[in-house]
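Residue-level structure breakdown
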Amino acid sequence: MKNFITFEGIEGCGKTTQIDLLKDFLSDIKIPYLVTHEPGGCELGKKIRKILLGTENKNILSMTELFLYAADRAQHVEEVIIPAMKEGKTVLCDRFTDATLAYQGYGRGINLDTIISLNTIASSGLKPDLTFFIDCPVEIGIKRALARSNASSPDEMRFEKENLSFHYRVMDGYRKICAKEPERLITVDGNRNISDVQRDIVEILKNRM
């Protein structure tokens, strides 16, 4: 069983829903798991998350944003992810290092080598065993994300309110990342019924076990 599985994609692609469904599958086959997310997967990270996603912080510098994500990840990896893996749990994580490359690298334009180096330091060299990239048209994803955030987390909409050109750069970045590591990053068409996406993810996971 792959021990560290991450989910990536633009806002509103459906990855969080798929993680919830996958944990039910793992429960059914008696595999212990932990579900977590970035930013905000630990107590310190929750405070960082409010800064990163809060709409009142729209003037955060790109480099500041990058360092905040790195700080969140460093604490998250040491406090949550590594201990769970040592206990033999499969970790399902909503976003990880690929998100930083896609958003702060391709989206914000920060040097990719700088991000790769910082990711390695912040994650203590930890890499996902398997990553599902949920591919979803930008307009559809952002429409879903805005509706969801307005209803459930109106104070955490800083990225949803970015212009579409930013999200297109992020999407392009994700696809380039996937092309570089096709064995680890598996692209799943997210523009379908939730059950169809779930079926594909479960089948892929079964084949990797």
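Our subject is the structure listed above.
Let me begin by describing the structure that accompanies this report. Here the structure is a predicted model, which is why all the values come from computation and not from measurement.

1. Some words on the overall build of the protein chain
Regarding its fold elements, the protein chain presents eight helices and five strands. Its helices and strands taken in sequence order, the protein chain reads β-α-β-α-α-β-α-α-β-α-α-β-α from the N to the C terminus. Relative to the globule expectation of 17 Å for 209 residues, the C-alpha radius of gyration of the protein chain, 16 Å, shows essentially globular dimensions. The buried share of the protein chain, taken over its 209 residues, is 48%. Long-range contacts, defined as pairs at least 24 residues apart, comprise 79% of the intrachain contacts of the protein chain with a sequence gap of at least 6. In the structure as shown, the protein chain presents an accessible area of about 9900 Å², 53% of it carried by carbon and sulfur atoms. Computing the positive centroid from 29 side-chain charges and the negative centroid from 30, the protein chain places the two 1 Å apart.

2. Digging into the sheet that holds strand E5 (residues 185-189)
Pairing within the open sheet is parallel, and its five strands lie in the order E2-E3-E1-E4-E5. Each having just a single partner strand, strand E2 (33-37) and E5 make up the two edges of the open sheet. Here the average twist between neighbouring strands, direction ignored, is 20 degrees. Direction of pairing for strand E1 (residues 4-8) relative to strand E4 (residues 130-135): parallel, over a ladder of four bridges.

Conventions used here
- Residues numbered from 1 in each chain as written.
- Predicted model: local features only at pLDDT ≥ 70, side-chain atom pairs only at ≥ 80, totals over all residues.
- Heavy atoms only, no water.
- Helix = DSSP H or I, 4+ residues; strand = E, 2+ residues; numbered from the N terminus.
- Rg over C-alpha atoms; globule rule 2.2 N^0.38 Å.
- Buried < 20%, exposed > 50% of the residue type's maximum accessible area, 1.4 Å probe, protein only.
- Contact = heavy atoms within 4.5 Å.
- Areas by Shrake-Rupley, 256 points an atom, 1.4 Å probe, with all protein chains shown as cover.
- Lys, Arg positive; Asp, Glu negative; His and termini not counted.
- Charge placed at Lys NZ, Arg CZ, Asp CG, Glu CD.
- Pairing = 2+ DSSP bridges.
- Axes fitted to C-alpha atoms, helices over the stretch in contact; angles between N-to-C directions.

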